[in-house]
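# Observations on the model geometry
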Amino acid sequence: MRKWFNNIFIYACVIALVSCISFFLISGSLSLMAFSGEMFYYSLEFWRIITFPFIHVDIGHLLQNIAAIGVITFLAYEVNLGAAIYLGSFFTASLLIALVAGAVVPAIIIAGLSMGIYAIIGAISIKGSNFIPKKIIIPLFAAAVFIEPVVSMFEASVVRSSAFHMIGFILGIAFIITVKQAVPKRRVLAPA
Amino acid sequence: MKRIKSGINGIDILLQGGLPEKRTVLLSGSCGTGKSIFAAHFINQGLSMGENCVYVTFEESAHNLIDNLGSIGMNFEAMEKAGKLKIIGGAIGNIKFFKEKTKASAKDMAEEIKEVVLEIKAKRIVLDSLNLFLMLFDTDTERRHAMAELSSVFENISCTTIMTCEVKEGTRDLSWYGFEEFVVDGVISLYRVPFENMFERAVSVIKMRGINHSPNIVALQIRDDGIHVFPTKAPFHKIFG
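Conventions and cut-offs
Residues numbered from 1 in each chain as written. Chains lettered and ligands numbered in written order. Predicted model: local features only at pLDDT ≥ 70, side-chain atom pairs only at ≥ 80, totals over all residues. Heavy atoms only, no water. pLDDT = per-residue confidence, 0-100. Core = buried A, V, L, I, M, F, W, Y, C linked by side-chain atoms within 4.5 Å. Buried < 20%, exposed > 50% of the residue type's maximum accessible area, 1.4 Å probe, protein only. Helix = DSSP H or I, 4+ residues; strand = E, 2+ residues; numbered from the N terminus. Contact = heavy atoms within 4.5 Å. Salt bridge = Lys/Arg side-chain N within 4 Å of Asp/Glu carboxyl O. Axes fitted to C-alpha atoms, helices over the stretch in contact; angles between N-to-C directions. Parallel < 35°, antiparallel > 145°, perpendicular 65-115°, else oblique. Left-handed = near helix turned anticlockwise from the far one by under 90°. Phe/Tyr/Trp six-rings, centres within 6.5 Å; stacked < 30°, edge-to-face > 60°. Lys NZ or Arg CZ within 6 Å of the ring centre and 35° of its normal. Disulfide = S-S within 2.5 Å. Buried area = accessible area lost by both parts, 1.4 Å probe. Nonpolar A, V, L, I, M, F, W, Y, C, P; charged D, E, K, R; others polar. Pairing = 2+ DSSP bridges.

Per-residue confidence for chain B gives a mean pLDDT of 90; residues scoring 70 or more make up 98%. Interface confidence in the predicted complex, given as ipTM, is 0.70; pTM for the same model is 0.68.

Here it is as structure tokens:
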């Protein structure tokens, strides 16, 4: 039986629950807890870097992301991604994108689970490459990211969010590759 | 289905062409029936055809293995130096020590085998012996899980694999723990039965998925140059009588 702290479904439920609580029970959550470079770097409201993934613009945004994290968590379970990679890729990508985007364009508001979700998808694309070859899964997910901007006729906010999703996807791939190389391999049959 | 030569002519005749390619075969037999020599023939055949091979041993060190097989004319040392053969593993005590030290799981060990196979692009693998590998795990559940991990790796790497498996003396068992034979694609059983003042050896193909094979139990001899199988000759004794 899996130990509870390695159970990614628990983490997915917690993420969804916190997102729902933020949306429904905290009034003005978007202005209080979303991220922007101005608020983080100039107003020194540091909590925003932790709270922004759980904040959503509207009910559609919230439901879309909760559904996505549900599906992605099942996929992550199937490929045995592990809680460390699941949470690590989610938060690392969200953090890095927010910090860099906030420094480059301080005015834009960043909120939502989707960057972290795309990072998990990126990690799954590497871990699951035994089942779906990399040369199929990576272009497939990359294409999915670009459909929205095309359909929206390249509306600025949609292009921006797609760019963040794409970067999240790439950061997820980078995260799992880095972790794999950093963790020393346990050699038993041919010890070094 | 494509066949590959086992290295023992009589076995290829029993299998009506050779071992099915990229499948996993369990080679079971009690102590002294010739499992390791049989597996060595399989590797030797692959090397002579220019195929790279991996030999995973839990029975003895690589050095002892090379020495023992050198005495029947198989020069594994030269092949290992040329990079065509990788011998990994060692005496079970050492393996158990490293496993406990590194807290390696069955998946880690299976992945290690896979890494070595992919490194030299091996076409043939021998695992000698499966029951010693499974002995590294304490519970039946862990052993079954280990077997599943191993099977999964062998399926993914598209090699032809022989796993030897010791069985209890004097029984009709095909495996030590009672489940190994159900996970593999084929089972070849080696026998050693007392007859008059000596032990006589025999072999039969118990199962081989996807191909026709002879159901007969036939004579097998271990000579100075290795194993000889006589596909048209029954052993001199009644094996099950």
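There's plenty left to go through after this.
Considering soluble globular proteins, one finds that nonpolar side chains tend to be buried as a cluster. Residues and elements named next belong to chain B. With 37 residues, the main nonpolar core has Phe 58, Met 109, Leu 127 and Phe 133 as its most contacted residues. Elements supplying a minimum of two residues to this core: strand E4 (53–57), helix H6 (106–120), strand E6 (124–128), helix H7 (130–134), helix H8 (140–156) and strand E7 (160–166). Sort the elements by how many residues they give to this core and H6 lands first, with seven residues. With residues up to four places along the chain from it excluded, the contact list for Phe 133 reads Phe 58, Met 109, Leu 127, Ala 146 and Leu 150. Formed by 36 residues, the second largest nonpolar core is a distinct cluster that contains Leu 65, Met 74, Val 218 and Leu 220.

Residue and element names in this part refer to chain B. As enumerated under the stated definition, the model contains 12 salt bridges over all chains in all. Across the salt bridge formed by Arg 192 and Glu 169, the nearest N and O atoms sit 3.4 Å from each other. Separated by 23 residues along the polypeptide, Arg 192 in strand E8 (residues 186–195) and Glu 169 in the loop between E7 and helix H9 (180–183) bring together distant segments of the chain. On the accessibility criterion, Glu 169 (43% relative accessible area) is partly exposed.

On to the packing of helix H6 (residues 83–104) of chain A against helix H9 (residues 156–182) of chain A, then. Residue and element names in this part refer to chain A. At their nearest, the axes of H6 and H9 sit 9 Å apart, and the two run at 130° to each other. Comparing the axis directions of H6 and H9 gives the class oblique. Of the two elements, H6 crosses H9, and the hand of that crossing is right-handed. On the side of H6, the interface is formed by Ala 84, Ile 85, Gly 88, Ser 89, Thr 92, Ala 93, Leu 96, Ile 97 and Ala 101, while H9 contributes Phe 164, Ile 167, Gly 168, Leu 171, Gly 172, Phe 175, Ile 176 and Val 179.

Time to look at the packing of aromatic side chains. Considering all chains together, one arrives at 13 aromatic pairs over all chains under this definition. Consider the rings of Phe 40 of chain A and Tyr 41 of chain A, whose centres lie 5.0 Å apart with planes at 90°: the pair is edge-to-face. Phe 40 of chain A gets classed as buried once you look at its relative accessible area, which sits at 10%. Their ring planes at 80° and their centres at 4.9 Å tell us that Phe 90 of chain A and Phe 91 of chain A sit as a pair that is edge-to-face. According to the relative accessible area criterion, Phe 91 of chain A is partly exposed, its value standing at 35%. Three or more aromatic residues joined by ring pairs form one cluster here, namely Phe 35, Phe 40, Tyr 41, Phe 46 and Phe 52 of chain A. The side chain of Arg 192 of chain B reaches across the aromatic face of Phe 199 of chain B, ending 4.2 Å from its centre. Note that Lys 233 of chain B overlies the ring of Phe 230 of chain B, its terminal NZ or CZ placed 5.3 Å from the centroid.

Moving on to the side chain of Ser 189 of chain B. Residue and element names in this part refer to chain B. Among the secondary structure elements, Ser 189 is positioned in strand E8. Owing to a relative accessible area of 4%, Ser 189 belongs among the buried residues under this scheme. In this structure, Ser 189 is in contact with Ser 28, Leu 174, Ala 202, Val 203, Ser 204 and Ile 206, ignoring residues within four places of it in sequence.

A word on the state of the cysteines. All names here are of chain B. Tallying each qualifying case throughout the model produces zero disulfides over all chains. Lacking any disulfide linkage, Cys 53 is separated from the closest cysteine sulfur, that of Cys 159, by 9.0 Å. For Cys 53, a relative accessible area of 0% corresponds to the buried category.

We now examine the interface of chain A and chain B. Tallying the contact residues gives eight residues for chain A and 16 residues for chain B. Taken together, the two surfaces of chain A and chain B that pack against each other cover about 1,200 Å², and 56% of this comes from carbon and sulfur. The tally of links from chain A across to chain B stands at one salt bridge. Of the charged contacts, one joins Glu 115 of chain B and Arg 187 of chain A as a salt bridge, the two residues approaching to 3.1 Å between their closest N and O atoms.

Residues and elements named next belong to chain A. Direction vectors running N to C along helix H7 (residues 114–127) and helix H8 (residues 134–151) enclose 165°, while the axes themselves pass 9 Å from each other. The angle between H7 and H8 falls in the class roughly antiparallel. Relative to H8, the crossing made by H7 is right-handed. Across the interface between the two elements, Tyr 118, Ile 121, Ser 125 and Ile 126 of H7 pack against Lys 134, Ile 137, Ile 138, Phe 141 and Val 145 of H8. In terms of residue class, the contact of H7 with H8 is built from seven nonpolar, one polar and one charged.

So, about the pairing of E6 of chain B. All names here are of chain B. For E6, the buried fraction is high: five of the five residues fall into the buried class. Summarising the sheet, E4 and E6 pair through five bridges and their orientation is parallel. Looking at E6, one finds that Thr 57 is bridged to Asp 128. Inspection of the sheet shows E6 paired to E7 by four bridges, in the parallel sense. Note that in E7 the partner of Leu 127 across the bridge is Met 163.

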